[in-house]
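# Structural description and commentary
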Amino acid sequence: MPGYQGEYDGLCGMYAISNAYEICGYDIPEEKIEEELGDIFKICCSALAESRWPSILWDGTSFGDMRKMISTCQHHYEFRIKVTYPFLRNSPKTNEDYWEKLADIFGKEDEDVLCAIVGMEAPDPHWTVVEPSLGGHLFFSDSTTGSIERVRIETIHAGKRKPGGKNYKFNPRELIVFSVEEKE
């Protein structure tokens, strides 16, 4: 079986950021999208300190790394995208609270949330992009599978894992929300 992104490297953070900006749909001509997303990936990699290399390849990217890479992208490009970290200082304590607050964030009409990056702890440490969907579902755009998976919110756990459901566990603090920036 061929190798895939994430099997030998910890670069899912860079892929998640590139995928999030693609989902946000900022103005990239169709014929230049691959080139631009590749540039975002490169900017992410160059945003990190030299001392993080090469160990980042096998250790992966931390929440601090993600914040640094996104900040660098936001300054390098003139995106009309607002990036927030809603649970940075006050993360939800229960699985139910996490998903209720995430649903509230996705449902705010004044926020125009486009997608989010979530930090996964299990089955493996990983960064993935999630989009809201109707009917209590979320779409996960994942770099390891190269696919989009539709999952019911009730089957996913943040914080302590419960028996049954999907074997996903998210770090309730590690939520990065991408929304439409308010026009001046």
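Predicted model, so just to flag it, every value in this text is computed and none were measured.

### Side note on the overall build of the protein
- Summing up its helical and strand segments, the protein has 5 helices and 7 strands in all.
- Starting at the N terminus, the α and β elements of the protein follow one another as α-α-α-α-β-α-β-β-β-β-β-β.
- Across the 184 residues that make up the protein, the buried fraction comes to 45%.
- Restricting the contact set of the protein to residue pairs at least 6 apart, pairs at least 24 apart contribute 60%.
- With the model as given, the accessible surface of the protein reaches about 10400 Å², and the carbon-plus-sulfur share is 50%.

### Quick word on the environment of Gln-74
- Assignment of secondary structure puts Gln-74 in helix H4 (residues 63-76).
- By relative accessible area, which is 24% here, Gln-74 ends up partly exposed.
- Not counting the four nearest positions on each side in its chain, Gln-74 is found in contact with Tyr-21, Phe-79, Ile-81 and Val-83.

### What to know about the pattern of salt bridges
- Using the criterion set out here, one finds 3 salt bridges in the structure.
- Arg-52 is paired through a salt bridge with Asp-65; the nearest N and O atoms lie 2.5 Å apart. Taken together, the positions of Arg-52 in the loop between helix H2 (33-47) and helix H3 (56-59) and Asp-65 in helix H4 put the pair 13 residues apart, joining distant regions of the chain.
- Judged by its relative accessible area of 23%, Arg-52 falls in the partly exposed class.
- Residues Asp-97 and Lys-101 are paired through a salt bridge, measuring 3.5 Å at the closest nitrogen-oxygen approach. Here Asp-97 and its partner Lys-101 are both found in helix H5 (residues 95-107), 4 residues apart, which amounts to about one turn of the helix.
- Judged by relative accessible area, which is 29%, Lys-101 ranks as partly exposed.

### Quick word on the nonpolar core
- Met-14, Ile-17, Tyr-21, Ile-40, Ile-117, Ile-176 and Phe-178 are the most contacted members of the largest nonpolar core, which has 34 residues in total.
- Mapped by element, the contributors of at least two residues to this core are helix H1 (12-24), H2, H4, strand S1 (81-84), strand S2 (113-122), strand S3 (126-132) and strand S7 (169-180).
- Ile-17 has contacts with Ile-40, Cys-44, Met-66, Met-69, Ile-70, Cys-73 and Ile-117, leaving out every residue within four places of it along the chain.
- Core analysis: the next-biggest nonpolar cluster, separate from the first, contains 17 residues, Tyr-98, Met-120, Leu-138 and Tyr-168 among them.

### A word on the pairing of S7
- In terms of burial, S7 is largely enclosed, as 9 of its 12 residues are buried.
- Both S1 and S7 contribute to a ladder of 4 bridges, which runs antiparallel. Looking across to S7, one finds that Thr-84 is bridged to Val-177.
- As paired elements, S2 and S7 share 7 bridges and run antiparallel to each other. Across the sheet, Val-113 pairs through a bridge with Ser-179, a residue of S7.

### Points about H5
- Across its 13 residues, H5 extends 18 Å between first and last C-alpha, which sits within 8% of the 18 Å expected from 1.5 Å per residue.
- All buried positions along H5 are accounted for by Asn-95, Tyr-98, Trp-99, Leu-102, Ile-105 and Phe-106. Looking straight down H5, one finds its buried side chains confined to an arc of 120°; they lie on one side. Turned more than 90 degrees away from the buried face of H5, the exposed residues are Glu-100 and Gly-107.

What counts, and at which threshold
- Residues numbered from 1 in each chain as written.
- Predicted model: local features only at pLDDT ≥ 70, side-chain atom pairs only at ≥ 80, totals over all residues.
- Heavy atoms only, no water.
- Helix = DSSP H or I, 4+ residues; strand = E, 2+ residues; numbered from the N terminus.
- Buried < 20%, exposed > 50% of the residue type's maximum accessible area, 1.4 Å probe, protein only.
- Contact = heavy atoms within 4.5 Å.
- Areas by Shrake-Rupley, 256 points an atom, 1.4 Å probe, with all protein chains shown as cover.
- Salt bridge = Lys/Arg side-chain N within 4 Å of Asp/Glu carboxyl O.
- Core = buried A, V, L, I, M, F, W, Y, C linked by side-chain atoms within 4.5 Å.
- Pairing = 2+ DSSP bridges.
- Expected span 1.5 Å × (residues − 1).
- Arc of directions from axis to C-beta.

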